[in-house]
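Structural overview for review
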Amino acid sequence: MEGIKKIQEKIKELHPEAYERILPVWYAEEDLTLNKEIVESSNYINSFVKLGSQYSWLAQFCHNHNLNNVEISNDKNLRDDSLTNFLMTNYIKADTNAKDQDKYNKVGTIFKYFSFPVSTLSKRDMLVIAKKNKWENIMYLTWFCHKPRKNKACGKCTPCINVIKKRMGFRIPPVNRMKGYIKIFFSREFKPAS
């Protein structure tokens, strides 16, 4: 919440015309029980690629509140094991007349509520756009770390590791970034044989 407030204040300072277009934050305190179709879809997608639990929760929330076209900011990722690549191939840019209509429908059970405005942009592409438009001071206020320490990115969680791998590690404090490099090194070099 603190991060959202800082971002909004910076937008108001630098781009007051854009600030006027920001909708109020919707705070929802409710317990969600995932419906059977969303649970089945989540399990199905997880058999191909790791799906974070937030997607199922957000899909259920959208279903309960009749929301559509909710923007999800997954950036471009061409790795075969990435969720974004899976979605691009099997949902976002899938041929709906293709033989794998069943797969499209199962993935759509969760992702039909969302749009993906930056799925064709890498984090580096976004940085270039931010610098060109003088938005980088706003971009640097965004959060990605799952386990921040003293309001700083930890360098070791999955989002931090992804930021480092995508050559955006400068957003992580040097000491914590080094922890991330060490984790990457050991995960590649000393992976136990299966």
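Looking at an unreviewed UniProt entry, one finds the chain named 7-cyano-7-deazaguanine synthase, with Flavobacterium chungangense as its source organism.

Time to look at the domain arrangement of the chain. Parsing the chain into structural domains produces domain 1 (1-115) and domain 2 (143-187). For domain 1 and domain 2, the distance between their C-alpha centroids amounts to 23 Å. Contact residues are listed per partner, giving six residues for domain 1 and four residues for domain 2. Of all residues in domain 1, G3, D75 and R79 give up the largest surface area on contact with domain 2, accounting jointly for 61% of the area buried on that side. Counting across the interface, domain 1 meets domain 2 through one salt bridge. In this structure, K166 and D75 form a salt bridge, with 2.8 Å as the shortest nitrogen-oxygen distance. Linking domain 1 with domain 2 are one residue pair in polar contact (both at pLDDT 80 or more). A class-by-class count of the residues in the side of domain 1 that touches domain 2 yields no nonpolar, two polar and four charged.

Membership of the largest hydrophobic core comes to 18 residues, with the highest contact counts inside it found for I45, L83, L87, I110, F111 and F114. When residues of this core are traced back to their parent elements, those giving at least two are α3 (36-46), α4 (53-65), α5 (83-92) and α6 (101-111). The residues contacting I110, other than those within four sequence positions of it, are I38, S41, S42, I45, L51, Y55, S56 and A59. L127, C157, I164 and M168 belong to the second largest nonpolar core, which has 15 residues in total.

With that settled, the discussion passes to the packing of aromatic side chains. Considering all chains together, one arrives at 11 aromatic pairs under this definition. Between W57 and F61 the ring centres are 5.4 Å apart and the planes differ by 10°, which places this aromatic pair in the stacked class. In this pair, W57 and F61 both sit in helix α4, four residues apart, roughly one turn of the helix. Within the aromatic cluster, the residues linked to one another by ring pairs are Y55, F111, Y113, F114 and F116. One Lys or Arg, K103, reaches over the ring of F48 and ends 4.1 Å from the middle of that ring.

Rules of the game
Residues numbered from 1 in each chain as written. Predicted model: local features only at pLDDT ≥ 70, side-chain atom pairs only at ≥ 80, totals over all residues. Heavy atoms only, no water. Domains from an automatic or database assignment. Contact = heavy atoms within 4.5 Å. Buried area = accessible area lost by both parts, 1.4 Å probe. Salt bridge = Lys/Arg side-chain N within 4 Å of Asp/Glu carboxyl O. Polar contact = N/O pair within 3.5 Å; in protein donor to acceptor, adjacent residues only side chain to side chain. Nonpolar A, V, L, I, M, F, W, Y, C, P; charged D, E, K, R; others polar. Core = buried A, V, L, I, M, F, W, Y, C linked by side-chain atoms within 4.5 Å. Buried < 20%, exposed > 50% of the residue type's maximum accessible area, 1.4 Å probe, protein only. Helix = DSSP H or I, 4+ residues; strand = E, 2+ residues; numbered from the N terminus. Phe/Tyr/Trp six-rings, centres within 6.5 Å; stacked < 30°, edge-to-face > 60°. Lys NZ or Arg CZ within 6 Å of the ring centre and 35° of its normal.

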